[in-house]
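Chain by chain, the residues run as shown.
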Amino acid sequence: MKKKKTKSTSAGKRGKHKKPGFFQDDRVRFITGFFFVLFGLYLLFALISYFFTWKADQSFEYGKVFSVASVMVHNWAGKTGAYLSYLLINKWFGVFSFTIPLFIIDIGIRFFKIKTAPLHKVVWFLFFITLLGSLTIAYILGSSSGYLGSGFGGSFGYFTVAWLNSLLGKVGSAFLLIFLNTAFILYYFHIPPFRPKKKPSASNTDSVSTEETIHTGVTTDDEALHVSEESLKTETVLSGKNLAHDQADNRSGKDKDLKETEEDIELTVERRNPGEDQLSEKEISTEPSGRYDPTLELSGYRMPPVQLLKNHETGNSKVSKEELLNNKNKIVETLANYKIRIDKIKATIGPTVTLYEIVPAPGVRISKIKNLEDDIALSLSALGIRIIAPIPGRGTIGIEVPNLHPDIVSMKSMITSRAFQDADYDLPVALGSTISGSPYVFDLARAPHLLVAGATGQGKSVGLNVIIASLLYKKHPAELKFIFVDPKKVELALYSKLEKHYLAVMPDADDPIITDTDKVVNTLNALTIEMDQRYDLLTSAHVRFVNEYNEKFKSRRLNPEKGHRFMPYIVLVIDEFADLIMTAGKNIEFPLTRLAQMGRAVGIHLVIATQRPTTNIITGTIKGNFPTRIAFKVTAMIDSRTILDSPGANQLVGRGDMLIGSGSDLTRIQCAYIDTAEVEVITNYVASQQSYPMPFFLPEFEGEDSSGAGEMDMKQKDPLFEEAARLVVQHQQGSTSLIQRKLAIGYNRAGRIIDQLQAAGVVGPYEGSKARQVLIPDEYTLEQLLRDRE
């Protein structure tokens, strides 16, 4: 009996709760909404008709429209439509009276439970549009009546503007209307007039030069020479679509009733346990809006403008018709001496070399032409002749001949090219110009590592500066960090100014540019620890690559309190790799190999350069992990084979002429030129802006010969010992860098404190890539330990 009573009582409550109000009845809502929509359409129809029938309907007084039955109107909506349209357009707001029927239709749609913009926004928008539009058009067109009686702005606009003109004059009225319209647009559409654009590339948009270099050939039909007119084409290579922000839709049945707020807030809701309480509208509206932006800490940072770069083009590099015909005739003559006929020649002019593509006659063996490389070079009296037999994908044979007057490819022309500006790469690099004259832009993140080699003075150091400058022009300091290793101590010294913007350093580093071999070994090992830590974070986030992890972190789906953090890309640049191998050997090669094998997935990329491309420097292990390689001019074919696994680099002309290979494909490029003065100006510009309070610190690394912490004299403990102990126990993290950051002390002092904490039994010993274990579970236990040691 009790169960039945309870059931009936609850049923009664439910029935009482569900009793709808007047406008909650679906039938009433539909009828009301239907009326508003039809009335709005009727009024809209009448206003449109007024444009065509106003002259015919002006012959009578509108006040007598309804009282005199014999009055006939021409408006399509009858007498009522004629009167309403006359009232709205002529007497009120002119053509901007069309906002009134639109508002009525919007009201009707809302009764159908169709979601539109928030009502208060619609009201304010249409209100200001109507008033400002009426005033503005009345001012512009003056008292011209045309077909609208008192003007396009209606009587309201006409008389209000006349009053403003008498009060402020026409100039003052114009200034007032400009101010009101500008203020409305900025405020209503949330346009920030001074906030910088978020994308790095966008800050360079205004500086992009619209000039394009056109490489033109000369065509002579009678000599059977077909020269293609190659113009600088822009290519936008999309490495992949930006990761879409998945709005989680894996909600349970109960989540379907989650009401969307009238403010149209987009919300990602993750439901892990079915039956959890739903968020109220108040809780949803107070949640942090938008995504996490890693650039906000330096929101005022500006990318270097292109005006800092110079135009190095000489303008004297145009290949003449005489030069083209002379080379063509000598090629044909040399081949004819060996009874090799050709059907067609096509010339493609580049900044340094011209590519002559020949189509041999049927029956000619390609190997015969390939073996004539030296003979063709002798007949042309030129160095740097290279034969490509055949050109992949074209069915032709290529003969690359250096130009008599080679041109310089400026770094400015690469940065301002659309191929670079529009590149949707993670780490875009504008390396130089191809033979066809188009910019060569590639993604270092997909490379994923780069081996650069070449003889002394052939452009290797300039090539490194081009790679670094490309990244500085595209990536915000929050998104990219460099580690510079310069055993020669002079090549990369200018970049030390970027320490607190772009550099990653060891906590105890005296110099941001690493020049000592022992410190290089420690830095590489610290970078491997950073790599291992990043892999742990990727594992806990259930993703495979750093861009997926960062996307998840920016979408606020990873909790920073659980150790998650935004991961910037780290690019390690080593200027002279041979010196390190000769002095440290396996101590360098082992961590470098680990980084090359595993670094790509966690955003760590290597760029190593050497001027001694020998097999004892560029070993098989190194080559196997660096699939993308750049070769500047070398002296011997064996060096070219060591770098590229094929000849060709020994036939380059130098001064930035290079081959880049990825797999079996080789591309000849004239490297862009950037001089030391330009690099200095760029680094000064970056250094002059607001920076982070400290550089990006790599994890601490201790060598095998580190002294034991148990030998420390606890009677001479640091004054900050107890504060550091509480800090470590509170965070449950035994880290020197933590103590250094939180207590604002130097690395050496923080290292001594961590040793004292180990001797006191607060933290465990150093465990390589793993963090020190905190041996004290809570602060109460710590206080007991500190009292016992007093």
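This text follows the structure it describes.
First, a word on scope: everything that follows refers to the structure included in this document. (Residues numbered from 1 in each chain as written. Predicted model: local features only at pLDDT ≥ 70, side-chain atom pairs only at ≥ 80, totals over all residues. Heavy atoms only, no water.)

Topic: a nonpolar patch on the surface
A contiguous nonpolar patch, built from Phe30, Ile31, Phe34, Leu38 and Leu41 and spanning about 510 Å² of accessible area, is present on the exposed surface. Relative to the assigned elements, isoleucine 31 resides in helix H2 (residues 26-57). (Patch = residues over 30% accessible without salt bridge, like charges linked within 9 Å, V, L, I, M, F, W, Y side chains within 5 Å. Areas by Shrake-Rupley, 256 points an atom, 1.4 Å probe, with all protein chains shown as cover. Salt bridge = Lys/Arg side-chain N within 4 Å of Asp/Glu carboxyl O. Helix = DSSP H or I, 4+ residues; strand = E, 2+ residues; numbered from the N terminus.)

Structural notes on helix H18 (residues 586-598)
Between the first and last C-alpha of H18 there are 18 Å, a value that for 13 residues agrees with the 18 Å anticipated at 1.5 Å per step. On the buried face of H18, the contacting elements are helix H15 (517-541), strand E11 (569-574), helix H17 (577-584), strand E12 (604-610) and helix H19 (620-625). (Expected span 1.5 Å × (residues − 1). Contact = heavy atoms within 4.5 Å.)

Description of the packing of aromatic side chains
Considering all chains together, one arrives at 22 aromatic pairs under this definition. When the ring of phenylalanine 52 is compared with that of tryptophan 76, the centres are 5.6 Å apart and the planes differ by 15°; the resulting orientation is stacked. Linking phenylalanine 52 in helix H2 with tryptophan 76 in the loop between H2 and helix H3 (78-93), this pair joins segments that are 24 residues apart in sequence. Judged by its relative accessible area of 62%, phenylalanine 52 falls in the exposed class. According to the relative accessible area criterion, tryptophan 76 is partly exposed, its value standing at 45%. Here the aromatic rings of tryptophan 92 and phenylalanine 93 are separated by 6.1 Å at their centres, their planes lie at 65°, and the arrangement is edge-to-face. Ring-pair connections join several aromatic residues into one group, and the members of that group are Trp124, Phe125, Phe127, Phe128 and Phe184. (Phe/Tyr/Trp six-rings, centres within 6.5 Å; stacked < 30°, edge-to-face > 60°. Buried < 20%, exposed > 50% of the residue type's maximum accessible area, 1.4 Å probe, protein only.)

A word on the environment of alanine 382
On the secondary structure map, alanine 382 appears in the loop between helix H10 (373-380) and strand E4 (386-388). On a C-alpha basis, the gap between alanine 382 and proline 402 in space is 7.1 Å, while along the polypeptide they are 20 residues apart. Excluding residues within four positions of it along the chain, alanine 382 makes contact with Ala377 and Pro402.

Looking at the sheet that holds strand E15 (residues 665-671)
Within a sheet, each strand pairs with its neighbour through backbone hydrogen bonds, oriented either parallel or antiparallel. Taken in spatial order, the nine strands of this open sheet run E7-E6-E15-E14-E13-E8-E12-E11-E9, and their pairing is mixed. The outermost strands of the open sheet, each flanked by one partner alone, are strand E7 (439-443) and strand E9 (480-485). With strand direction ignored, the average angle separating the axes of adjacent strands in the sheet is 25°. Here strand E14 (residues 657-662) runs beside E15; their pairing, made up of six bridges, is antiparallel. In the strand pairing of E15, methionine 658 is matched with isoleucine 669. Across the face of the sheet, H18 comes into contact with E11 and E12 while running at roughly 130° to E12. (Pairing = 2+ DSSP bridges. Axes fitted to C-alpha atoms, helices over the stretch in contact; angles between N-to-C directions.)

Considerations on the side chain of threonine 523
Examined against the element boundaries, threonine 523 turns out to sit in helix H15. For threonine 523, a relative accessible area of 6% puts it in the buried group. For threonine 523, the contacting residues outside a window of four places in its chain are Ile483, Met506, Ile514 and Leu698.

With respect to the pattern of salt bridges
One pass over the structure, following the stated rule, counts 20 salt bridges. Its salt-bridge partner being arginine 565, residue glutamate 530 comes within 3.3 Å of it at the nearest N-O pair. Note that glutamate 530 is positioned in helix H15 and arginine 565 in the loop between helix H16 (546-554) and E11, a separation of 35 residues in sequence. Taking the relative accessible area as the measure of exposure, arginine 565 reaches 24% and is therefore partly exposed. Where salt bridges share partners, they join Arg386, Glu400, Asp657 and Arg668 into one cluster.

A closer look at the nonpolar core
In this structure, Leu444 and Phe482 are the most contacted members of the largest nonpolar core, which totals 112 residues. If sequence neighbours within four positions are ignored, phenylalanine 482 has contacts with Ile468, Leu471, Leu472, Tyr502, Leu503, Ala504, Val571 and Val573. (Core = buried A, V, L, I, M, F, W, Y, C linked by side-chain atoms within 4.5 Å.)

Here's the deal with the pairing of strand E5 (residues 397-402)
The buried count for E5 comes to six of six residues, which makes it a mostly enclosed element. Side chains of E5 alternate between two faces, with Ile397, Ile399 and Val401 and Gly398, Glu400 and Pro402 buried alike. Across six bridges, the pairing between strand E3 (residues 353-360) and E5 is antiparallel. Residue leucine 355 lies in a different strand from E5, and its bridge partner there is glutamate 400. Where E4 lies against E5, three bridges are found, and the strand directions are antiparallel. Note that in E5 the partner of arginine 386 across the bridge is glutamate 400.

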